[in-house]
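# Structural overview
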Amino acid sequence: MSKPITDRKPWAFLDSYRGTNFNGDWPTLPEMLRITVKRFGDRPCFTVFENEKHTLTYNEVLANIEGLAAWLAAQGVKKGDRVAVSGKNSPEWATVYFAALFAGAIIVPIDYALHENEIENLLKASEPKVFFVDEERYEYFSSKGKTKAKPAVYSLSPKHKDTYVYGLKTDKAAKITPAEENDTAAILFTSGTTGNPKGVMLSHKNLVSDCYIAQTNLEIFETDVFYALLPIHHSYTMQAVFIESMSVGAELVFGKSMAVTRMLRELREGKITMLLGVPLLFNKLLAGILKGVKEKGVLVYGIIRMLMGISYMIKKLTGVNPGKKMFKTLLEKASISTIRIAISGGGPLAASVFRMYQELGIDFIQGYGLTETSPIIALNPKEHFKIESVGRFFHPHMEMQILDPDENGIGEVIVKGPMIMQGYYKMEKETAEVFTTDKDPCDAGWFKTGDLGKLDSENYLYLAGRAKNLIVTEGGKNVFPEEIENAFQLYNEIEQITIQGYLQDAAMKSEGIEALVYPSDDLFKKLNLIRGSNDAVDPIHDAIKDIIDKVNKTLATYARISKITVLDEPLEMTTTRKVKRNYKK
């Protein structure tokens, strides 16, 4: 039987390695991996599906990492130097990540979806000695030539054999000064790809402590199979998929594309047990399942929905999960029958979606965090989940408070703990601005998340939205765009919806609620219309208005949408599939 959540210490086994394999409070990332290899060396580690399935064991992965780390050291890479990597999810990418750390260097993962000039700006800001890049960008960067501002370029792809990561060997035994737990492990750029980039510095202690502390709310095992589908450079996937799997000896399947046929094959043949995704992914998976059920007719759909409700009640009341057996055929058709845990992060998920996965028998939980917090600082335990909450924060291993709460208990979420970043790279002023001082109504040193929320008596966090997105209406009411957007997550007719305030009364400085909507291809097919044609304008607007009218009836009067803008082009999205809120009001 599982221990109570607050009594769990998933890192207790580390005590038998303390003093021999590491000496700090926490192992560094290289020390953590070496311990895992000692425990599970022959187990599968990295798996990728090309034409066939290719798997490397932990022993094989460690040999590749140590070989590349020795080569890096022979090239003059030393403790504190930066090594950059940008590419699709792959074993080669992960090997570079750890090899840089084994060489005592700092890894700088860069979003592969950025434009070349944006990547160049991040290289300029971080000044790496070496840059590993994937095949599509290799020619561009390798043709630049090495200068002080431009690193030596090497390939993540075997298509460039001379510089391919697995072919880089050395006989030279260069001295490596290993990093310690409080040394910087990674610099992750969160914004500012043009101008002055903002890079979050995370130490080995930040990443490793967060990795193990997060496991107090979610037990994971060496028998689990994780799926790296979202870009691995992002802190969410890097920690919750990559580092977490390496900490327990689990298998990691690299997804290189979100193409549906490839994803379904990898889910099915990889026998994935841990699926981490963003709301968009889970919404689409669920919409596909429900669409298939609806096609069987109204009666069948009604029966299935009734059974889902019964399944949920049994699970909540008894802790027994009957859904996996009841809906086995549905789950197999969606290639998710082997999933043990599904975790949504990187953005808000509608409570209705969360509940439907639970009804279908999938242990579905939400998490919360920011890059600056390594990133996980709350997780919804599957043994005691709360649908409306993003999770329980990791008391007593960290602290969380609400700064200046209003009459509803909502204020800015502030946190302290071993997972809080060292600061922004070469940006002391910006770093100081995100921590509390003696002038705040709390003591100094708390990290200000910029998120608004409240806590309950059991340390569960309920988010309202980002402070900077807040809309203030004529009656002085606070409206959180994210809460309204969540209400539209299960409408297939809408591809994107973003809520913003518009100036309704200049004298009063009050805002009305506007919805920016990009209709889905499904809606155009349903109405037999062509996107971009004049004939489509009015029918599409009317269809969107009907949906918004329906949702408006469920919202408080002051939160109802009063202006609709139908977009011709989709809004720009981040790599975790969130709309970038850089639109103009």
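In short, a report on the structure. (Residues numbered from 1 in each chain as written. Predicted model: local features only at pLDDT ≥ 70, side-chain atom pairs only at ≥ 80, totals over all residues. Heavy atoms only, no water.)

### Here we look at the overall build of the protein chain
This is how it is decided: Secondary structure follows DSSP: runs of H or I at least 4 residues long count as helices, runs of E at least 2 residues long count as strands, and numbering of each begins at the N terminus. It is over C-alpha atoms that the radius of gyration is taken, and the globule rule equals 2.2 Å times the number of residues to the power 0.38. Residue exposure (1.4 Å probe, protein chains only): buried if accessible area is under 20% of the type maximum, exposed if over 50%, otherwise partly exposed. Two residues qualify as a contact provided that any one of their heavy atoms is within 4.5 Å of a heavy atom in the partner residue. Areas reported as accessible are Shrake-Rupley estimates using a 1.4 Å probe. Residue values count occlusion only from the protein chains shown.
Scanning the protein chain for helices and strands turns up 17 helices and 25 strands. Taking 585 residues into account, the globule formula puts the C-alpha radius of gyration at 25 Å, and the protein chain, at 24 Å, falls close to it. Each principal axis of the C-alpha distribution contributes one length, and for the protein chain these read about 70 × 60 × 55 Å. Counting all 585 residues of the protein chain, 54% fall into the buried class. When contacts within the protein chain are restricted to residue pairs at least 6 apart in sequence, those whose partners lie at least 24 apart make up 64%. Total accessible area computed for the protein chain in this model is approximately 26100 Å², and 51% of it derives from carbon and sulfur atoms.

### Observations regarding the state of the cysteines
To keep it simple, the criterion reads: Criterion for a disulfide: a pair of cysteine sulfur atoms within 2.5 Å.
According to the stated counting rule, one finds zero disulfides in the structure shown. Residue C211 stays outside any disulfide, its sulfur separated by 13 Å from that of C45, the closest cysteine. What makes C211 buried here is its relative accessible area of 0%.

### Some remarks on the packing of aromatic side chains
Rules: Pairing of aromatic side chains here covers Phe, Tyr and the six-membered ring of Trp, requires ring centres within 6.5 Å, and sorts the geometry by plane angle: under 30 degrees stacked, over 60 edge-to-face, intermediate tilted.
Counted under the stated rule, the structure contains 23 aromatic pairs. Between the aromatic rings of Y97 and F98, the centroid separation amounts to 5.8 Å while the plane-to-plane angle is 70 degrees, which identifies the pairing as edge-to-face. Taking the centre distance of 5.8 Å and the plane angle of 80 degrees together, the rings of F354 and F364 count as edge-to-face. Here F354 is found in helix α13 (residues 351-359), whereas its partner F364 is found in strand β13 (residues 363-369), with 10 residues between them in sequence.

### Topic: the packing of helix α4 (residues 116-126) against helix α5 (residues 135-142)
The condition is simple: Every axis corresponds to a line fitted to the C-alpha atoms, with the helix fit spanning only the stretch in contact, and the corresponding angles, defined between N-to-C directions, vary from 0 to 180 degrees. For any helix crossing, the convention is left-handed if the near helix is rotated counterclockwise from the far helix by under a right angle, and right-handed if that rotation is clockwise. Residue polarity follows a fixed list, in which Ala, Val, Leu, Ile, Met, Phe, Trp, Tyr, Cys and Pro are nonpolar, Asp, Glu, Lys and Arg are charged, and the others, Gly among them, are polar.
Between α4 and α5, whose axes approach to 12 Å, the crossing angle comes to 65 degrees. Crossing angle aside, the handedness with which α4 passes α5 is right-handed. Every residue of α5 that contacts α4 at E116, I119, E120 and L123 is listed here: R137, Y140 and F141. Tallied by class, the residues present in the contact of α4 with α5 amount to four nonpolar, no polar and three charged.

### Some details on the side chain of S203
As for its placement among the helices and strands, S203 is situated in strand β8 (residues 198-203). Here S203 falls in the buried class, since its relative accessible area comes to 4%. If we skip the residues at most four places from it in the chain, S203 touches E181, N182, D183, T184, A185 and Q422.

### Remarks on the pairing of strand β10 (residues 251-254)
We count it as follows: Strand pairing follows a simple DSSP-based rule, namely that at least 2 bridges must link the two strands. A clockwise course of the path from the first strand over the helix to the second, judged with the strands pointing away from the viewer, identifies a crossover as right-handed.
By the alternation rule, side chains of β10 split into E251 and V253 and L252 and F254, which are all buried. In terms of strand pairing, strand β1 (residues 44-49) meets β10 through three bridges, oriented parallel. Each residue of the ladder has a partner; that of T47, found in β10, is V253. By the bridge criterion, four bridges tie strand β9 (residues 225-228) to β10 in an arrangement that is parallel. Along β10, the bridge assignment pairs A228 with F254. For the crossover from β9 across helix α7 (residues 235-248) to β10, the handedness is right-handed.

### Digging into the nonpolar core
Filter applied, for reference: The criterion is simple. A nonpolar core is a set of buried Ala, Val, Leu, Ile, Met, Phe, Trp, Tyr and Cys residues joined through side-chain atoms within 4.5 Å.
By size, the foremost hydrophobic cluster in this structure holds 137 residues, and its most contacted members are L29, Y97, F98, F132, F242 and M246. The contacts of Y97, once residues within four sequence positions are left out, are L29, I107, P109, L207, M238, F242 and I243.

### Concerning the pairing of β1
The side chains of a regular strand alternate between both faces of the sheet. Buried residues dominate β1, accounting for five of its six residues. Strand direction decides the pairing type here: β1 and strand β2 (residues 53-57), joined by five bridges, are antiparallel. Residue pairing across strands places P44 opposite T57, the latter belonging to β2.

### Let's talk about α5
Test applied: Note: the arc covers the axis-to-C-beta directions of the helix.
Within the span of α5, buried status applies to R137, Y138 and F141. Down the axis of α5, the buried side of the element spans an arc of 125 degrees, and every buried residue falls inside it. Where the residues of α5 are buried, they touch α4, β5 (130-133) and β6 (152-155).

### Some details on the packing of helix α1 (residues 29-40) against helix α6 (residues 204-214)
Definition in use: When an angle is under 35 degrees it counts as roughly parallel; over 145 it counts as roughly antiparallel; between 65 and 115 it counts as roughly perpendicular; any other value is oblique.
Packing of α1 against α6 leaves a shortest axis separation of 9 Å and a crossing angle of 40 degrees. The orientation of α1 relative to α6 falls into the category oblique. Here L29, P30 and M32 of α1 lie close against α6, whose contacting residues are H204, L207, V208 and Y212. Of the residues belonging to the contact of α1 with α6, the class tally is six nonpolar, one polar and no charged.

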